[in-house]
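For reference, the chains in residue letters:
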Amino acid sequence: MKMLMMIIVGAMIASVLGILVIKPFDRGGNKSDTPPPVIQQPEPK
């Protein structure tokens, strides 16, 4: 029972650390908060 509890706690810690590590990269490494420019496409004829 103690082993199962340690596995559960370890999984929770690993998930929190994974979220903290991945969070800075989910904006594509862009440090500015401005959205990317919208590319205007010509209308099909």
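Residues numbered from 1 in each chain as written. Predicted model: local features only at pLDDT ≥ 70, side-chain atom pairs only at ≥ 80, totals over all residues. Heavy atoms only, no water.

J.: For this particular structure, what's the right way to read the overall build of the protein chain?
T.: Summing up its helical and strand segments, the protein chain has 1 helix and 0 strands in all. Here the protein chain, with 45 residues, has 0% of them falling under the buried criterion. As presented, the protein chain carries roughly 4,900 Å² of accessible surface, and 72% of it is formed by carbon and sulfur atoms. (Helix = DSSP H or I, 4+ residues; strand = E, 2+ residues; numbered from the N terminus. Buried < 20%, exposed > 50% of the residue type's maximum accessible area, 1.4 Å probe, protein only. Areas by Shrake-Rupley, 256 points an atom, 1.4 Å probe, with all protein chains shown as cover.)

J.: What is the right way to look at a nonpolar patch on the surface in this model?
T.: A grouping of M5, V9, I13, V16, L17 and L20 is seen on the molecular surface, where their side chains present a nonpolar patch of about 570 Å² in accessible area. Within the secondary structure, I13 is located in helix α1 (residues 2-22). (Patch = residues over 30% accessible without salt bridge, like charges linked within 9 Å, V, L, I, M, F, W, Y side chains within 5 Å. Salt bridge = Lys/Arg side-chain N within 4 Å of Asp/Glu carboxyl O.)

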